[in-house]
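What the coordinates show
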Amino acid sequence: MKLIFYILLGSFFILAQALHAEEGKTDSLKERIKNLPEDTQKVNTLNQLAYELRSNDPKECIVYAKQAQALAKKLHYPAGQAKALLRMGTAETNIGKLTEAQQHLQEGILFCKEVSDLQTMAQSVFQLGTVSKEQSDYEKAFAYYTMSNTLFTYLGDKKGISNVYKSTGLIMKDRGDFNGALKNYALSMAIDKEIGNEE
């Protein structure tokens, strides 16, 4: 019992340190944004801040992503618009606004095609898979995950490939295919071990 207590206590402190470090990073980005001119660097910094906030504060993420998207549109900067729409779609997925997420992700993919940004496209397609999974449209989710896996493989993005295996495994588990789920988890864990991304 004592061992479990110490493990939980240690986990709490690790999590608290991680959150404190993340908070320091977001504060630093917010300060930097105040001093930037209305140019592509500001768009990129707004997108970076939105990325940092996407999981822990998705509503604030959406605020900064919208600012990035509006400025990128004004500057005719489609690469910035693509990333802003990905950030928005990810945060909206996290708070259950799935229709809005789907619209923003699909719009972002059009900008990705315009500037041949395959990395942001792969992430956007992957996120569309997650939206479909949340909507229980598993066939569509599999199709999106397969497309994103093809792009991640072409790009050599092993972390992206690992995430596809994890997410595919979750769908298989939900559908009662435990062998398929275990196979995908094992593939994901092997990649994570290879790239030092073990959690």
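Before reading on, note that the structure itself is shown above.
What you see is a predicted model; the values in this text were computed from it and never measured.

Here we take up the overall build of the protein chain. Regarding its fold elements, the protein chain presents nine helices and zero strands. Taken from N to C terminus, the helices and strands of the protein chain fall in the order α-α-α-α-α-α-α-α-α. Counting across all 199 residues of the protein chain, residues that qualify as buried make up 41%. Sequence-distant contacts, at least 24 apart, represent 52% of the contacts inside the protein chain between residues at least 6 apart. If you sum the accessible surface of the protein chain, you get close to 11600 Å²; carbon and sulfur atoms cover 56% of it.

We now examine the packing of helix 2 (residues 40–53) against helix 4 (residues 78–94). One can describe the packing of helix 2 onto helix 4 by two numbers: an axis separation of 10 Å at closest approach and a directional angle of 20°. The angle between the axes of helix 2 and helix 4 places the two elements in the roughly parallel class. In this structure, the crossing between helix 2 and helix 4 has a hand that is left-handed. Here Val-43, Asn-47, Ala-50 and Tyr-51 of helix 2 lie close against helix 4, whose contacting residues are Gly-80, Lys-83, Ala-84 and Arg-87. In the contact of helix 2 with helix 4, the residues fall into four nonpolar, two polar and two charged.

What follows concerns the nonpolar core. Within the largest apolar cluster, 41 residues are counted, with the highest numbers of intra-cluster contacts made by Leu-49, Tyr-64, Met-121, Tyr-145 and Phe-152. Counting only elements with at least two residues in this core, the list comes to helix 1 (2–34), helix 2, helix 3 (58–74), helix 4, helix 5 (98–115), helix 6 (118–134), helix 7 (138–155) and helix 8 (158–174). Among the elements that make up this core, the one with the highest residue count is helix 3 (seven residues). What Tyr-145 contacts, discounting residues up to four positions off in sequence, is Phe-126, Gly-129, Thr-130, Lys-133, Val-164, Ser-167, Thr-168 and Ile-171.

Any aromatic ring pair is given by two values, namely how distant the centres are and how the planes are angled relative to each other. This model, assessed by the stated rule, comprises two aromatic pairs. Relative to Tyr-145, the ring of Phe-126 lies with its centre 5.2 Å away and its plane at 40°, an arrangement referred to as tilted. You can see Phe-126 sitting in helix 6 and its partner Tyr-145 sitting in helix 7, a full 19 residues away along the chain. Relative accessible area serves as the criterion here: at 14%, Phe-126 is assigned to the buried category. A cation over a ring is seen here: Arg-54 above Tyr-51, with NZ or CZ 3.8 Å from the ring centre.

In a regular helix each residue adds 1.5 Å, so 17 residues correspond to 24 Å; helix 4 covers 24 Å between its end C-alpha atoms and thus fits that length. Within helix 4, 14 of the 17 residues are buried, which leaves the element mostly enclosed by the surrounding structure. Directly after helix 4, the chain includes Gly-96, whose backbone phi takes a positive value near 85°.

A positive phi angle, close to 55°, is found at His-76, a residue other than glycine. Along the polypeptide, His-76 turns up in the loop between helix 3 and helix 4. In this structure, Ser-136 is a non-glycine residue whose phi angle is positive, near 65°. Overall, the relative accessible area of 48% leaves Ser-136 in the partly exposed class.

Turning to the environment of Lys-30, a few remarks are in order. Its place among the elements puts Lys-30 in helix 1. The class of Lys-30 is partly exposed, set by a relative accessible area of 23%. For the pair Lys-30 and Tyr-64, spaced 34 residues apart in sequence, the C-alpha to C-alpha distance is 9.8 Å. Once you skip the residues sitting within four places of it in the chain, Lys-30 turns out to touch Leu-49, Glu-60 and Tyr-64.

Procedures and definitions
Residues numbered from 1 in each chain as written. Predicted model: local features only at pLDDT ≥ 70, side-chain atom pairs only at ≥ 80, totals over all residues. Heavy atoms only, no water. Helix = DSSP H or I, 4+ residues; strand = E, 2+ residues; numbered from the N terminus. Buried < 20%, exposed > 50% of the residue type's maximum accessible area, 1.4 Å probe, protein only. Contact = heavy atoms within 4.5 Å. Areas by Shrake-Rupley, 256 points an atom, 1.4 Å probe, with all protein chains shown as cover. Axes fitted to C-alpha atoms, helices over the stretch in contact; angles between N-to-C directions. Parallel < 35°, antiparallel > 145°, perpendicular 65-115°, else oblique. Left-handed = near helix turned anticlockwise from the far one by under 90°. Nonpolar A, V, L, I, M, F, W, Y, C, P; charged D, E, K, R; others polar. Core = buried A, V, L, I, M, F, W, Y, C linked by side-chain atoms within 4.5 Å. Phe/Tyr/Trp six-rings, centres within 6.5 Å; stacked < 30°, edge-to-face > 60°. Lys NZ or Arg CZ within 6 Å of the ring centre and 35° of its normal. Expected span 1.5 Å × (residues − 1).

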